Structures are given as C-alpha cells and as structure tokens.
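Fold and geometry: a report
Take a look at the letters that make up each chain.
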Amino acid sequence: MSTFFTVVLIILCAVVLVYDICCFISWSRSKEKAFISNIWPFAVILIIAACGLLLKNSLHSILLTSIAVLLIPLNITCLSPEGIRTAIFSNKGISPVQNLSYEYGKGLFGMEKLDLFLNDKKLAQSFNLGIKKMKTVKMLADWYGKHGYENPLTK
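So, a few notes on the structure that sits alongside this text. Nothing here was measured: the structure is a model prediction, and the numbers come from that model.

Thresholds applied
Residues numbered from 1 in each chain as written. Predicted model: local features only at pLDDT ≥ 70, side-chain atom pairs only at ≥ 80, totals over all residues. Heavy atoms only, no water. Core = buried A, V, L, I, M, F, W, Y, C linked by side-chain atoms within 4.5 Å. Buried < 20%, exposed > 50% of the residue type's maximum accessible area, 1.4 Å probe, protein only. Helix = DSSP H or I, 4+ residues; strand = E, 2+ residues; numbered from the N terminus. Contact = heavy atoms within 4.5 Å. Expected span 1.5 Å × (residues − 1). Polar contact = N/O pair within 3.5 Å; in protein donor to acceptor, adjacent residues only side chain to side chain. Pairing = 2+ DSSP bridges. Axes fitted to C-alpha atoms, helices over the stretch in contact; angles between N-to-C directions. Parallel < 35°, antiparallel > 145°, perpendicular 65-115°, else oblique. Left-handed = near helix turned anticlockwise from the far one by under 90°. Nonpolar A, V, L, I, M, F, W, Y, C, P; charged D, E, K, R; others polar.

Regarding the nonpolar core
Core analysis: the largest hydrophobic core is formed by 16 residues, its most contacted members being L79, L114, L116, L140 and Y144. Breaking this core down by element, the ones donating at least two residues are strand 1 (34–37), strand 5 (100–106), strand 6 (112–118) and helix 4 (134–143). Residues contacting L140, with those up to four places away along its chain left out, are L79, Y102, Y104, L114 and L116. In this structure, C13, L63, A68 and L71 belong to the second largest nonpolar core, which totals eleven residues.

This is the structure we're talking about:
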C-alpha cells in the first residue's frame, strides 16, 4: 500500500508540475497582467502541507509538501487584456475577454468578491484576493464586460 501511495504522489507531482510550467509560459506571454485568487483553496493547500509535515515517512512527507507548493499557481488566476490566461495546452492559453463578464458583490462572511462569468450566463469563478488592486480594477473596467451592473470601484 505504501508503494502505491508513493507512486500516486509522484505522478500527481509530475502532473501538477507540467501544468504549472504551462501556466507560467502562458502568463509570460502577456505584457500587462493582474493576478487574483480565492482564499479558500489556500486553506486546502495549508491542510495538505500540514499533513505532509506530520507524516513520519520522510518520502511521503516530502512529496505531500511538494504537492502543496506546486498547487499554489493552480489557485492563482492571471487576467490580461486578452482574457484569462490558462495553461498553454488548452485553447492556446487564453480564455478570450469577449466570452467573459464580471461583477463585484458580497460573499461568505461579508467579504467582497469578484465573480467572473463565462458567456454572460454561467458563473466561471469567484475571487476575493487581489480584486481591489488598482491594476485589477482598471483592467476589468477597460477590457472586460460588466455583468449587468456598474462597477462601484470605478466611480
């Protein structure tokens, strides 16, 4: 069972590493970018890292901690004037701005949140980290469509 768990962790590390490299390549192609994220996935990453540090098997500990570190870029979204930057193997690394709209609102525990919508209908993702940075607000106001409301941060 331990060998199986080790193999699964190694494969998971390799997959996440390849995905991270593809994201970094896509992110580097944009001259102007803003990074946003959500706080809740980082809580999961902290739990994975804590489990890795608490394990007595040093190889499993190293692998779980490595996975936790490698998951950080997976939880960060890169906005650019062209759209959302994704891994280069999907749609040439971009979700076009023409398919996206946004709105600000209140989320869990009264935290301000940014909702991004795909094709004006489906909620793509919600974010609450980095959404009030001037660079992010300006990029959204200049390039992204509003989802049926006026942006209170640009008034």
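From this point, things continue past the structure.
So, helix 3 (residues 58–71)
Compared with the 20 Å implied by 1.5 Å per residue over 14 residues, the 20 Å span of helix 3 between its first and last C-alpha is a close match. Inspection of helix 3 places H60, S61, L63, L64, I67, A68, L70 and L71 among the buried residues, and these make up the whole buried set.

Things to note about the side chain of N128
Tracing the sequence through the fold places N128 in the loop between strand 7 (122–127) and helix 4. Of note is the side chain of N128, whose polar atom sits 3.2 Å from the side chain of N38. Other than its neighbours up to four places away in sequence, N128 contacts S37, N38, I39, W40, M111 and E112.

Thoughts on the sheet that holds strand 8 (residues 145–146)
The four strands are arranged 7-6-5-8 in an open sheet whose pairing can be described as mixed. If you trace the sheet from one side to the other, it starts and ends with strand 7 and strand 8, each paired once. When strand 5 meets strand 6, the two strands line up antiparallel, connected through seven bridges. Along strand 6, the bridge assignment pairs S101 with F117.

Some points on the packing of helix 2 (residues 39–54) against helix 3
Contact geometry of helix 2 with helix 3 gives a least axis separation of 7 Å together with a crossing angle of 165°. With respect to each other, helix 2 and helix 3 are oriented roughly antiparallel. The crossing of helix 2 and helix 3 is left-handed. On the side of helix 2, the interface is formed by I45, I48, A49, C51, G52 and L53, while helix 3 contributes S61, L64, T65, A68 and L71. The class makeup of the residues in the contact of helix 2 with helix 3 is eight nonpolar, three polar and no charged.

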